[in-house]
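Commentary on secondary and tertiary structure
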Amino acid sequence: EVMAKMSPKKRGSVHGKMKRLQGNLDKHLHTITHMRRYLRTTVQTNVHHLSSQNDVILQNIEDYKVSLRRATVGFQSQFNLDQLEAQVKSHAQELETCLQQIRLAVRHFDTVKHAEKSEEEPILSLRDKVVSMIESLISQSLVMEEPPSVILKKDCKFGASLRLLVGGHFGIKMHLPEVSSCLVSHAQIADVVSGKVDAKSAAKSAGCGEILNGSNVMEHFSSSNAVKLFLKKLMLKKYQRASSADKAGEEMYCLCFTSKFTLHL
């Protein structure tokens, strides 16, 4: 109605402005769409690379743990724990950076309401995948620095030095993990390591024994960004012998440490 009251000259001027404005909007929309696709492709490439790298890192950690278990029966470990920790921390930094990129992408999609669901869902799926990698990396990165130097007997006091290989990444220094220890039978250790059986449940069902003074919160060392725990007064109590031997090592029991942590990613 307003346009109808305008003179032909003014009406033509308004139509020209509207056409130029629509052209600019289409141009900006094309740029935003292109940027979204580029961002999604870049993040997908990074996540794919990090996923492959994560598998390698987890396998290296598991190989170290196996070598440590073999060291208890006389085999020499060939692993350099400091090098493994540096490798894990470097990977953790890359995961943190990738997660920040994804957060920026999600924020961009939330800010520009034009985003279609089909464009947003892949980014959210990638975010969940990175979070899952972070959780698995942290849960697997708790290791002993060396096996106990004594044969475990009832009432025997010994110590253990533990290290969280991811260090203070992912806000760990703000929410330090709580570590607990227990004794499980050799037959159960494969299921415990694979996560099929909870370590505490396995220890309770097997009735292998009880570890005193085996729970504490890990400590963050800011100078090296390391997270460690030194348990100095561990003691084997209520040890249940399955044979006439009184040494836990002769019955192939395993000292198992587990961590409980909270993440706010």
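Residues numbered from 1 in each chain as written. Predicted model: local features only at pLDDT ≥ 70, side-chain atom pairs only at ≥ 80, totals over all residues. Heavy atoms only, no water.

1. Points about unusual backbone geometry
At F170, a residue that is not glycine, the phi angle is positive and equals roughly 65 degrees. Structurally, F170 is set in the loop between strand 2 (157-164) and strand 3 (178-185). In this model, N225 sits at a positive phi of 55 degrees, which is unusual for a non-glycine residue. On the basis of relative accessibility, which here comes to 23%, the residue N225 falls in the partly exposed class. (Helix = DSSP H or I, 4+ residues; strand = E, 2+ residues; numbered from the N terminus. Buried < 20%, exposed > 50% of the residue type's maximum accessible area, 1.4 Å probe, protein only.)

2. A word on the nonpolar core
Ranked by internal contacts, the top residues of the largest apolar core, which has 47 residues, are I102, V130, L137 and F257. Secondary-structure elements contributing two or more residues to this core are helix 2 (8-71), helix 3 (81-111), helix 4 (117-140), strand 1 (142-144), strand 2, strand 3, strand 7 (226-237) and strand 8 (253-260). In terms of residue count, helix 3 provides more of this core than any other element does, 10 residues in total. Once you skip the residues sitting within four places of it in the chain, F257 turns out to touch L142, M144, A160, L162, V179, S180, S181, L231 and L234. Among the nonpolar cores identified, the runner-up in size contains six residues, and C182, I189, V192 and C254 belong to it. (Core = buried A, V, L, I, M, F, W, Y, C linked by side-chain atoms within 4.5 Å. Contact = heavy atoms within 4.5 Å.)

3. Looking at the sheet that holds strand 3
Two pairing modes exist for strands in a sheet, parallel and antiparallel, and in both the strands are linked by backbone hydrogen bonds. As summarised here, the arrangement of the three strands in space is 5-3-8, forming an open sheet in which the pairing is antiparallel. Edge positions in the sheet fall to strand 5 (216-217) and strand 8, since each of these pairs with one other strand and no more. In this structure, strand 3 lies alongside strand 8, joined through eight bridges in antiparallel fashion. By the bridge assignment for strand 8, C182 is matched with C256. (Pairing = 2+ DSSP bridges.)

4. A short note on the pattern of salt bridges
In total, this model carries six salt bridges according to the counting rule given. For R163, the salt bridge is made with E145, and the minimal N-O distance between the two is 2.9 Å. Taken together, the positions of R163 in strand 2 and E145 in the loop between strand 1 and strand 2 put the pair 18 residues apart, joining distant regions of the chain. A relative accessible area of 7% places R163 in the buried class. Each of the salt bridges in this network shares a partner with another, and the network as a whole consists of D82, E85, K89, E145, R163 and K228. (Salt bridge = Lys/Arg side-chain N within 4 Å of Asp/Glu carboxyl O.)

5. Some remarks on the pairing of strand 3
Within a regular beta strand, the side chains point alternately toward one face of the sheet and then the other, so they alternate between its two faces. With seven of eight residues buried, strand 3 lies mostly within the body of the structure. With two bridges connecting them, strand 3 and strand 5 associate as antiparallel partners. Considered in strand 5, the bridge of V179 is made with N216.

6. What to know about the confidence of the model for the protein
Per-residue confidence for the protein averages 79 on the pLDDT scale, and 74% of its residues sit at or above 70. Ranking the helices and strands of the protein by mean pLDDT puts strand 5 first, with 94, and helix 1 (residues 2-5) last, with 65. The low-confidence segment residues 244-249, where pLDDT is below 50, has 15 contacts with residues more than four positions distant or belonging to other chains. (pLDDT = per-residue confidence, 0-100.)

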